[in-house]
Amino acid sequence: MRIGFVGTGAITEAMVTGIVGTSLGVAEIVVSPRNREIAARLAGRFPSVRIARDNQDVVDAADVLFLAIRPQIAEEVVTALVFRAGQTVVSVIAATDRSKLLAWIREDVRLSQAIPLPFVAERAGVTAIYPPNPDIAAIFAALGSAVECETKEEYDLLAVASALMGTYFGILDRATGWVAEKGVAREKVRAYLAPLFASLAQTAVRAEATPLDALRREFSTPGGLNEQVFDDFERGGGSRALTNALEAVLRRVRR
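I will try to describe carefully the structure that is included in this document.

Conventions adopted
Residues numbered from 1 in each chain as written. Predicted model: local features only at pLDDT ≥ 70, side-chain atom pairs only at ≥ 80, totals over all residues. Heavy atoms only, no water. Pairing = 2+ DSSP bridges. Helix = DSSP H or I, 4+ residues; strand = E, 2+ residues; numbered from the N terminus. Axes fitted to C-alpha atoms, helices over the stretch in contact; angles between N-to-C directions. Contact = heavy atoms within 4.5 Å. Buried < 20%, exposed > 50% of the residue type's maximum accessible area, 1.4 Å probe, protein only. Arc of directions from axis to C-beta. Salt bridge = Lys/Arg side-chain N within 4 Å of Asp/Glu carboxyl O.

## Some remarks on the sheet that holds strand E8 (residues 144-148)
Read across the open sheet, the eight strands follow the order E3-E2-E1-E4-E5-E6-E7-E8; overall the sheet is mixed. Whereas interior strands pair on both sides, the edge strands pair on one side only; in this sheet they are strand E3 (49-51) and E8. Ignoring which end each strand starts from, the neighbouring axes of this sheet average 25° apart. Sheet topology places strand E7 (residues 125-130) next to E8; five bridges connect them, and they run parallel. What sits directly across from Val 126, in E8, is Ser 145. In this fold helix H5 (residues 98-105) packs onto strand E5 (88-91), strand E6 (110-115) and E7, with an angle of close to 135° to the strand it touches most, E6. Strands strand E1 (2-6), strand E4 (64-67), E5, E6, E7 and E8 of the sheet are contacted by helix H6 (residues 134-142), whose axis makes an angle of about 150° with E8.

## Regarding helix H7 (residues 152-161)
Along H7, the residues that are buried comprise Tyr 155, Asp 156 and Val 160. All buried residues of H7 fall inside an arc of 140° around its axis, so they share one side. Those residues of H7 hidden inside the fold are in contact with E6, E7 and helix H12 (238-254).

## Focus on the pattern of salt bridges
With the rule as written, the count across this model stands at 15 salt bridges. One salt bridge connects Asp 57 with Arg 53, and the closest N-O pair in it is separated by 3.6 Å. Looking at Asp 57, the relative accessible area reads 7%, which means it is buried. With a relative accessible area of 67%, Arg 53 lands in the exposed category. Sharing partners across several salt bridges, the network here consists of Arg 2, Glu 28, Arg 50, Arg 53 and Asp 57.

Below is the structure:
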């Protein structure tokens, strides 16, 4: 199998890094030369990576083609390419409607959309895919795990939820800053809170059959400190602010 990437940014670098060394049977990875620094770095690190002459060379060489372009230039780049009927194409272009992509491609391809996150570099990423495609799911499963969405609505909603990454780090930063202001060295606070947050996330992954609200109660002694913080968060409008922010992102995605 030959995998190609049109667009050589951070996500392409993460995916290539993760793919190399898996059991996917990838004979060659072809990357576009647009970002020469990243392309050269990948080719220097991995013998299976080849830098293409141009984007069309990537399309021609790939059995599975990934479109990893910034949405601002996607139409210009995609409409300039000639695809093969039946070619497997995966778009990782953010907030770009499937019907638009097919109109730009102008060929009867097998188009999937995916939302890979940087963690795929360590083969620890979870990736949403639409529509379901066992071949594409197998690639992302090798990079962590894959969630196949049955409808565009499902896919869009998971895309919206993935916009919480910055907020996650923002909450960690604010909590770290608060403790540091009280006199504890910031490095020490981070060394404590970051693994604590990681352990909580792993608990949610392992206890997948347990409702999240049940986990919240399990980790909140009645009348205790955890219960107090969550109750204050609710009364202060924290949950309302969160859902309002997600609704705003959903409106943006649907536009």
